[in-house]
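Read off the chains here:
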Amino acid sequence: QVQLVESGGGLVQPGGSLRLSCTASGNISSLNAMGWYRQAPGKQYEKVATITIGDSTNYADSVKGRFTISRDNAKNTVYLQMNGLKPEDTAVYYCLGVGTAQPLGAPFGSWGQGTQVTVSS
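Below is a short write-up of the structure.

### Observations concerning the overall build of the chain
When you go through the chain residue by residue, the secondary structure sums to 0 helices and 11 strands. Reading the secondary structure of the chain in the N-to-C direction produces β-β-β-β-β-β-β-β-β-β-β. Taking 2.2 N^0.38 as the reference for a compact globule, 121 residues should give roughly 14 Å; the C-alpha atoms of the chain span a radius of gyration of 14 Å, in line with that estimate. A buried classification covers 43% of the 121 residues belonging to the chain. In the chain, of all internal contacts separated by at least 6 residues, the share reaching a separation of at least 24 is 55%. Surface summary for the chain: the accessible area is close to 6,300 Å², and the carbon and sulfur share equals 49%. For the chain, the distance from the average position of its 9 positive side-chain charges to the average position of its 7 negative side-chain charges is 1 Å.

As structure tokens, then:
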């Protein structure tokens with residue numbers, strides 16, 4: 001079983017910055033891709049950013065130029081650096097990890113529990 005734990009959310013003023021972290025643990029054989037999704041109150045889930053094991057990245061248009069996703073493969077950890085935060089970035093942010101598990105290489109997709117990000121003055 002693979003678990004993901006996020007940290008780093010909180011309250012920040014517009015224009016401020018936050019850094020989210022997410023670490024995967026468990027019977028991981030490979031962690032092929034990790035990413036961040038978010039859900040604002042009453043709205044659909046939105047893919048924020050993803051990164052592959054080869055460091056190929058993809059961003060939602062709404063965060064391009066403001067957010068940066070990165071990963072530390074040795075630590076099974078993905079980061080989301082969020083700069084220039086706006087009130088519309090307020091949401092619960094969820095980490096996603098996709099890969100294969102030991103011992104037989106079964107594919108998995110696991111979610112973290114979510115971390116609240118609130119952008120308000």
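Read on for the rest.
### A short note on the sheet that holds strand β7 (residues 67-72)
One key point about sheets: their strands pair by backbone hydrogen bonds, in either a parallel or an antiparallel sense. Sheet architecture is open: 4 strands sit in the order β1-β3-β8-β7, paired in antiparallel fashion. Two strands bound the open sheet, and with one partner strand each, they are β1 (2-7) and β7. Averaged over all neighbouring strand pairs, the angle between strand axes comes to 15 degrees, with direction disregarded. By the bridge criterion, 6 bridges tie β1 to strand β3 (residues 18-26) in an arrangement that is antiparallel. Bridge assignment links glutamine 3 to a residue of β3, and that residue is serine 25.

### Notes on the side chain of serine 21
Positionally, serine 21 belongs in strand β3. Dropping the residues within four chain positions of it, serine 21 is found in contact with Val5, Glu6, Ser7, Trp36, Val78 and Tyr79.

### A look at the nonpolar core
Counting residues in hydrophobic clusters, the biggest one holds 31 residues, and the most contacted among them are Trp36, Leu80, Met82 and Tyr93. When residues of this core are traced back to their parent elements, those giving at least two are β1, β3, β4 (28-39), β5 (45-52), β7, β8 (77-82), β9 (91-101) and β11 (115-119). If we skip the residues at most four places from it in the chain, tyrosine 93 touches Glu6, Leu20, Trp36, Tyr37, Arg38, Val48, Phe67, Leu80, Met82, Gly114, Thr115 and Val117.

### Some thoughts on the packing of aromatic side chains
Enumeration according to the criterion identifies 2 aromatic pairs in this entry. Ring centres 5.3 Å apart and planes at 70 degrees place the aromatic pair tyrosine 37 and tryptophan 111 in the edge-to-face group. Of the two residues, tyrosine 37 sits in strand β4 while tryptophan 111 sits in strand β10 (residues 106-111), which places them 74 residues apart along the sequence. The class of tryptophan 111 is partly exposed, set by a relative accessible area of 46%.

Parameters at a glance
Residues numbered from 1 in each chain as written. Predicted model: local features only at pLDDT ≥ 70, side-chain atom pairs only at ≥ 80, totals over all residues. Heavy atoms only, no water. Helix = DSSP H or I, 4+ residues; strand = E, 2+ residues; numbered from the N terminus. Rg over C-alpha atoms; globule rule 2.2 N^0.38 Å. Buried < 20%, exposed > 50% of the residue type's maximum accessible area, 1.4 Å probe, protein only. Contact = heavy atoms within 4.5 Å. Areas by Shrake-Rupley, 256 points an atom, 1.4 Å probe, with all protein chains shown as cover. Lys, Arg positive; Asp, Glu negative; His and termini not counted. Charge placed at Lys NZ, Arg CZ, Asp CG, Glu CD. Pairing = 2+ DSSP bridges. Axes fitted to C-alpha atoms, helices over the stretch in contact; angles between N-to-C directions. Core = buried A, V, L, I, M, F, W, Y, C linked by side-chain atoms within 4.5 Å. Phe/Tyr/Trp six-rings, centres within 6.5 Å; stacked < 30°, edge-to-face > 60°.

Fair warning: the whole summary comes from geometry, so function is off the table for now.
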